[in-house]
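So the chains spell out like this:
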Amino acid sequence: MFDHIGQHALLHITFSLFILVIVWWSLQSLKLEKLIWHPKSGRGMMLFILIAVAITHLVTSFFLEYLNQALNLRYLF
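Below or above, wherever it landed, is the structure these notes cover. Worth saying up front: this structure is predicted, and the values here are computed from it rather than measured.

**What to know about the overall build of the chain**
Secondary structure assignment for the chain yields two helices and zero strands. Taking the principal axes of its C-alpha atoms as reference, the chain extends roughly 55 × 25 × 15 Å. Counting all 77 residues of the chain, 17% fall into the buried class. Summed over all atoms, the accessible surface of the chain reaches about 6,800 Å², with 74% contributed by carbon and sulfur.

Here it is, written out as structure tokens:
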């Protein structure tokens, strides 16, 4: 039972890091100069990091929840 929990945690961490890289890469095309007065300042970079983490959390939660529900379909019949 505990090995299942460890596998789930490893999957979650690995998938979250993978999605974070994709989100960070895609946010690089965003022109922060039009949204933030000083995008290279500490506050601007912190906002960029928080946006990346928030989007990563949303996307990761969606896909892992979808995976969990798809795996639970076996209990339907």
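From this point on, the discussion continues.
**Here's the deal with the nonpolar core**
Soluble, globular proteins show a tendency: their nonpolar side chains are buried together. The biggest cluster of nonpolar side chains holds seven residues, and these are Ile-19, Val-23, Leu-27, Leu-32, Ile-36, Phe-48 and Ala-52. Elements that contribute at least two residues to this core include exactly α1 (2-27) and α2 (42-72). Among the elements that take part in this core, α1 stands out by supplying three residues, more than any other. Those residues in contact with Ile-19, other than ones at most four positions away along the chain, are Thr-56, Val-59 and Thr-60.

**Regarding the packing of aromatic side chains**
With the rule as written, the count across this model stands at four aromatic pairs. When the centroid spacing of 6.1 Å and the interplanar angle of 80° are considered together, the rings of Phe-15 and Phe-63 count as edge-to-face. Of this pair, Phe-15 sits in helix α1 while Phe-63 sits in helix α2; the two residues are 48 residues apart in sequence, bridging distant segments of the chain.

**Here's the deal with the side chain of Ser-16**
Note that Ser-16 resides in helix α1. The buried category is assigned to Ser-16, whose relative accessible area is 19%. Excluding anything up to four places from it in sequence, Ser-16 contacts Thr-56 and Thr-60.

What counts, and at which threshold
In this numbering scheme, every chain counts its residues from 1 along its sequence in written order. Two thresholds apply to this predicted model, a pLDDT of at least 70 for residue-level local features and 80 or more for giving and counting side-chain atom pairs, whereas whole-chain, interface and lining totals are computed over all residues. The basis for the side-chain values is all heavy atoms of the structure; hydrogens and waters are excluded. Helix and strand definitions here come from DSSP, where helices need a minimum of 4 consecutive H or I residues and strands a minimum of 2 consecutive E residues; each element is numbered from the N-terminal end. A 1.4 Å probe rolled over the protein chains alone gives each residue an accessible area, and that area as a share of the maximum for its type sets the label: buried under 20%, exposed over 50%, partly exposed in between. Accessibility throughout is a Shrake-Rupley quantity obtained with a 1.4 Å probe, and a residue counts as covered only by protein chains that appear here. As used in this record, nonpolar core signifies buried Ala, Val, Leu, Ile, Met, Phe, Trp, Tyr and Cys residues forming a set joined through side-chain atoms within 4.5 Å. In what follows, residue pairs with any heavy atoms lying within 4.5 Å of each other are defined as contacts. Note on ring pairs: Phe, Tyr and Trp rings are taken, using the six-membered ring of Trp, and paired if centres are within 6.5 Å. Classes follow the plane angle, with under 30 degrees stacked, over 60 edge-to-face and the rest tilted.

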